[in-house]
Amino acid sequence: MYGAAQVPGDLERTAFRKAEKKYKLYKTASKKSRKKAVETDLSDVYDFKLILESFERSGETPPGIFKFECDFCRPVFCFEGRPGFYFIPGALSTEEQCHWVRESLTRFPQPPNRTNHNAIYGPIYNLFTAVQNGKSLVELKNTHEDTGPSPTSSNQDASRWVFKEKSDFSEGDICNSIAASLLLRKLRWSTLGLQFDWSKRNYDVRLPHNKIPDTLCQLAKKLARPAMSEGVQFQPEAAIVNYFSSGDMLGGHLDDMEADWSKPIVSISLGCKAVFLLGGKAREDSPAAMFLRSGDVVLMAGQARECFHGIPRIFTEEEDAEVSSLASQFQKPEDQLFFAEYIRTSRININIRQVH
Ligand SMILES: O=C(O)CCC(=O)C(=O)O
Ligand SMILES: [Fe+2]
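Residues numbered from 1 in each chain as written. Chains lettered and ligands numbered in written order. Predicted model: local features only at pLDDT ≥ 70, side-chain atom pairs only at ≥ 80, totals over all residues. Heavy atoms only, no water.

Participant: What is the right way to read the coordination of the iron ion (ligand 2) from this model?
Facilitator: Under perfect tetrahedral coordination by four donors, a metal shows angles of 109.5 degrees; under perfect octahedral coordination by six donors, it shows angles of 90 or 180 degrees. Those donors, H253 (NE2), D255 (OD) and H309 (NE2), are the protein atoms that reach the iron ion (ligand 2), and they lie 2.1 to 2.2 Å from it. All donors to the iron ion (ligand 2) come from one chain, and their sequence spacing reads H-x1-D-x53-H. Linking D255 in the loop between β12 (250-253) and β13 (265-271) with H309 in strand β17 (residues 309-314), this pair joins segments that are 54 residues apart in sequence. D255 gets classed as buried once you look at its relative accessible area, which sits at 3%. (Donors = N, O, S within 2.8 Å, 3.2 Å for Na, K, Ca; no water. Helix = DSSP H or I, 4+ residues; strand = E, 2+ residues; numbered from the N terminus. Buried < 20%, exposed > 50% of the residue type's maximum accessible area, 1.4 Å probe, protein only.)

Participant: When you look at the layout of surface pockets in this model, what are you seeing that I'm missing?
Facilitator: Rolled over the atoms, a probe as big as a water molecule pinpoints where empty space is left. Looking at the largest pocket, its volume works out to about 350 Å³. In terms of residue class, the lining of the largest pocket is built from six nonpolar, five polar and seven charged. (1 Å grid on protein atoms, 1.4 Å probe; cavity = no way out; pocket = protein on both sides within 12 Å on 5 of 7 lines; lining within 4 Å. Points joined across faces, edges and corners; volume = space filled by probe spheres on them. Nonpolar A, V, L, I, M, F, W, Y, C, P; charged D, E, K, R; others polar.)

Participant: What should I look at first to understand the UniProt feature "domain: Fe2OG dioxygenase" (unreviewed entry) in the protein in this one?
Facilitator: Taken from the UniProt record, the annotation "domain: Fe2OG dioxygenase" (unreviewed entry) applies to residues 235-356. Between the end C-alpha atoms of residues 235-356 there is a gap of 9 Å, over a span that is 12% helix and 39% strand. (UniProt positions renumbered as here; feature names shortened; annotations may be inferred.)

Participant: I'm lost on the environment of P312 in this one. Help?
Facilitator: Position of P312 among the secondary structure elements: in strand β17. Residue classification places P312 among the buried residues on the basis of a relative accessible area of 2%. It is 7.5 Å that separates the C-alpha atoms of P312 and L277, two residues lying 35 residues apart in sequence. With sequence-adjacent residues up to four places away left out, P312 is seen in contact with E20, Y23, K24, L25, M249, V275 and L277. (Contact = heavy atoms within 4.5 Å.)

Written as structure tokens, this is what we have:
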């Protein structure tokens, strides 16, 4: 799925790679002033917010795009010549977006769900609470000390990582420490339901897991409807949550580890605006670029499942991110400000899959 082996020379030459280079973030080299994003030519990027507004005014769509006829409660758009790809602009209300941002930062990274931090620290419980309380994850030298249930249970004889307040430890007692706020910044993915094993690039059904939360399951079933055949229901079994901060990208890839490609991947965008590339079945095919905003939903089913896609860019500068109205919802009570602070410069993508 991600980072499949490529010959560097070939990679540079493909149309997909060219588009990635065109849209990725470049910063000015200036040492004196704050580094700024170099301006990107975004004139070829489809903007479904504008397409929706114009459709609501005139009933018309731009060349190459049509409104998909279905009984979904919001307009769904498709590209001519790209079957199986559906774009639902503004599918989630601001309230729903807030809810899923909270869940993505609090509940989704909780064990037995795994995150990119597992490999280094073992399972970490209550990361977001630790951020709110200004804690650090510290590696204790003396592992005989009884500190109660450890956030890491993987290896009792080796080091133990526990959250502590700065005032609770002296540098001599510990080997290493990392601020919880930094761990949250470095959170890159979490997996829900059946656990995806990145090293084997497959689902490992033997790994302990919880079912996808019921509310997410219900939402995904509803959102999947435009891409489902009559009388068939989407069965969410796994989800990957991607967390992006400034400069992060998701390289062109296929999601091909699910058994039935007629079933869609339901992909929800939250937070900062991004550019999404939808390519063809080969990396040599020119991709279409489109903005993804908070609340947008994309479905990829059937032939679209065979198409390379990726995120070359997220916009974290205030003037481009289009996230301030979402962030302003997290004002009260006081502890909600951590969500606002996070989402102002981050993007979260929840993509839900039927595995079998
Ligand atoms: O972040 C996105 O919108 C796309 C994510 C994606 O393609 C994936 O996780 O497979
Ligand atoms: Fe994907």
